[in-house]
Amino acid sequence: MATAVCLIATQAGAQQWGEGSGPNLVANPSFERLEEGRPAQWSAPTPVYSSSEEHARTGQRSLKYVNDDPGRYLLCSQAIDLQPDKRYELSAWVRTEGVEGEGSGATVCLEWYDADGEYLGGSYPPGYKGDTTEWAEVRGISRRIPDGAADIRVVCYVRKEMTGTAWWDDVSVRIVRERPLQCVLMRPNYRGWVTDEGPDVAEVLAEVIPDDLEVGVEQLSLELSLLPAEADRPVASQAIDAIAPGENQVSMPLPELEPGQYTLQVSLVRDDTERVLATDEHDVVRRTGPMPTVYIDQHNRLIVDGQPFFPLGMYWGGVTEEDLKTYVEAPFNCLMPYGRPNEEKMDLIDSYGLKCIYSIKDFYAGTKWAPDFIDSVEDEEPAVRETVRQYRDHPALLAWYLNDERPLSMLDRLIAHQEWVEEEDPNHPTWVVLWQVNQVRQYIRSFD
């Protein structure tokens, strides 16, 4: 079951919060206009980049890249004017022919620099390589543009140390209309569980972003309501009148709850009309009976067989007994293999008194290390469920490794994998690895 869903009420119906909207800010996005035979507004350095009429997704032309030297790394860029503290949706359509190398291939990015030319950051969605006979979209959502960004560029390029041929068309950068309410459920902190141990308070970190609303934050308030399943009368509610733009940590005392499912609603309300502008929902569950084999308690401690367990370990490739003999001489208590240990390897790990964070992080169709039995997105669910059922009762299992730095463009699939694991195995939490430290809040529903 999903742990949170954001529902937005709008004045005119369907408003695409969190997606690019408004005009495309890229000049000559389809490379139709030329200046001295080269794409106007773009740097397009020779000999790598040129205008092409071989392939075009729209119009008559596209941008072409040809490179046979892995030591040559040239970028095709355009300066672009973006607003500070705003996020942008970046997209482009690409096709490739014989693009080879260790990088993710032909893609597009946003980069920003300060007035002295110092690099400040960027947004880098993964691309395509090999042969793509049809146009494929590269898409990503940027971080907020920092105040000090003086030189911002949209860039079409093939990753470093790669060779081959690629084309780009229909490059787009559009401002993202922020959801006015974005929440993280802080307590109950693990899957919304309320147990005999607590908590006795629901706490929410509510970020209020009034930029795209008609009223200022002084005319807004927050309302918290806890609703039983299939009921429209709350068992608890709390109004918070004084809120600020940005983060607000709000709470509501929890009454004694009957076992079962509840929904915690956080609503952003316009005071003068009492109209709900946005609602964020979180699942809350009143649990009774024995606790799971492995879970996270209300103090954010990992509990294994009723005792606190601080996971200390390393990434592994495969698992060998020789390595395990050396490993247990150190104070490690778990390991995280990139490969998927079979039953025999899991038994071996258990025989040395260790726990395993089991990897299903590559169960995504179309990704580099996807196993052979996942050819399409439709293959993902049965593969995840079957693997979880196979190892969920193994004594060596500590947690499930669901995601290694997948982009936000895959968020719906990441959340689905989390839901499938929760349904198949309530006795073990999930684990992810992210380099996207400024976007963790957006990933929050896809892991424990």
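Okay, so let's go over this structure. The structure displayed is predicted, hence computed values, not measured ones. (Residues numbered from 1 in each chain as written. Predicted model: local features only at pLDDT ≥ 70, side-chain atom pairs only at ≥ 80, totals over all residues. Heavy atoms only, no water.)

**What to know about the sheet that holds strand E24 (residues 307-308)**
Thinking step 1. Spatially, E22-E23-E24 is the arrangement adopted by the three strands of the open sheet, whose pairing is antiparallel. Of all strands in the sheet, those bounded by a partner on one side alone are strand E22 (294-296) and E24. (Pairing = 2+ DSSP bridges. Helix = DSSP H or I, 4+ residues; strand = E, 2+ residues; numbered from the N terminus.)

**Describing the packing of helix H3 (residues 380-391) against helix H4 (residues 411-424)**
Thinking step 1. Two elements in contact, H3 and H4, have axes whose closest approach is 9 Å; the angle formed by their N-to-C orientations is 35°. Pair H3 / H4 crosses with right-handed handedness. In contact with Glu380, Glu381, Val384, Arg385, Val388 and Arg389 of H3, H4 contributes Arg413, His417, Trp420, Val421, Glu423 and Glu424.
Thinking step 2. Split by residue class, the contact of H3 with H4 holds four nonpolar, one polar and seven charged. (Axes fitted to C-alpha atoms, helices over the stretch in contact; angles between N-to-C directions. Left-handed = near helix turned anticlockwise from the far one by under 90°. Contact = heavy atoms within 4.5 Å. Nonpolar A, V, L, I, M, F, W, Y, C, P; charged D, E, K, R; others polar.)

**A closer look at the layout of surface pockets**
Thinking step 1. The space that makes up the largest pocket amounts to roughly 1400 Å³.
Thinking step 2. Going through the elements one at a time, strand E10 (119-123) and strand E11 (136-141) are the ones with two or more residues in the lining of the largest pocket.
Thinking step 3. The element contributing the most residues to the lining of the largest pocket is E11, with five residues.
Thinking step 4. Its residues placed into classes, the lining of the largest pocket shows 15 nonpolar, twelve polar and 13 charged. (1 Å grid on protein atoms, 1.4 Å probe; cavity = no way out; pocket = protein on both sides within 12 Å on 5 of 7 lines; lining within 4 Å. Points joined across faces, edges and corners; volume = space filled by probe spheres on them.)

**Focus on the environment of Arg406**
Thinking step 1. Tracing the backbone shows Arg406 in the loop between strand E28 (397-404) and H4.
Thinking step 2. Given a relative accessible area of 13%, Arg406 falls into the buried group.
Thinking step 3. Among all residues touching Arg406, those that are not within four sequence positions of it are Lys361, Asp362, Tyr364, Thr367, Leu414, Gln436 and Tyr443. (Buried < 20%, exposed > 50% of the residue type's maximum accessible area, 1.4 Å probe, protein only.)

**Here's the deal with the pattern of salt bridges**
Thinking step 1. Taken as a whole, this structure holds 25 salt bridges when the rule is applied.
Thinking step 2. When the shortest N-O distance is used, the salt bridge between Arg61 and Glu53 registers 3.6 Å.
Thinking step 3. Exposure remark for Glu53: the relative accessible area of 58% places this residue in the exposed category.
Thinking step 4. Glu380 serves as the salt-bridge partner of Arg413, at 2.5 Å between the closest nitrogen and oxygen. With a gap of 33 residues between them, Arg413 in helix H4 and Glu380 in helix H3 connect regions that are remote in the sequence.
Thinking step 5. One network of salt bridges, in which partners are shared, links Glu381, Arg385, Arg389, Arg392, Glu423 and Glu424. (Salt bridge = Lys/Arg side-chain N within 4 Å of Asp/Glu carboxyl O.)

**As for the pairing of strand E14 (residues 181-187)**
Thinking step 1. The buried fraction of E14 is high, at five of seven residues.
Thinking step 2. Strand direction decides the pairing type here: E14 and strand E16 (residues 201-208), joined by six bridges, are antiparallel. For Cys183, the partnering residue across the bridge sits in E16 and is Ala206.

**Topic: unusual backbone geometry**
Thinking step 1. In the segment running from Thr46 into Pro47, the intervening peptide bond is cis, with an omega of 0°.
Thinking step 2. The topology assignment puts Pro47 in the loop between strand E4 (38-39) and strand E5 (49-52).
Thinking step 3. The linkage connecting Gly198 with the following residue, Pro199, adopts the cis geometry, with an omega of 0°.
Thinking step 4. Note that Pro199 resides in the loop between strand E15 (193-194) and E16.

**What about the environment of Cys109?**
Thinking step 1. If you trace the backbone, Cys109 turns up in strand E9 (residues 106-113).
Thinking step 2. Judged by relative accessible area, Cys109 falls into the buried class, the value being 1%.
Thinking step 3. Taking the C-alpha atoms as reference, Cys109 lies 9.1 Å from Pro126; in sequence the two are 17 residues apart.
Thinking step 4. Not counting residues within four places of it along the chain, the set of residues in contact with Cys109 comprises Leu90, Ser123, Tyr124, Pro125, Arg153, Val154, Val155 and Tyr157.

**Notes on the sheet that holds E9**
Thinking step 1. Read from one edge of the open sheet, four strands run E7-E12-E9-E10, paired in antiparallel fashion. Edge strands, defined here as strands with exactly one partner in the open sheet, are strand E7 (76-79) and E10. Pairwise comparison of adjacent strand axes, ignoring direction, gives a mean angle of 25° for this sheet.

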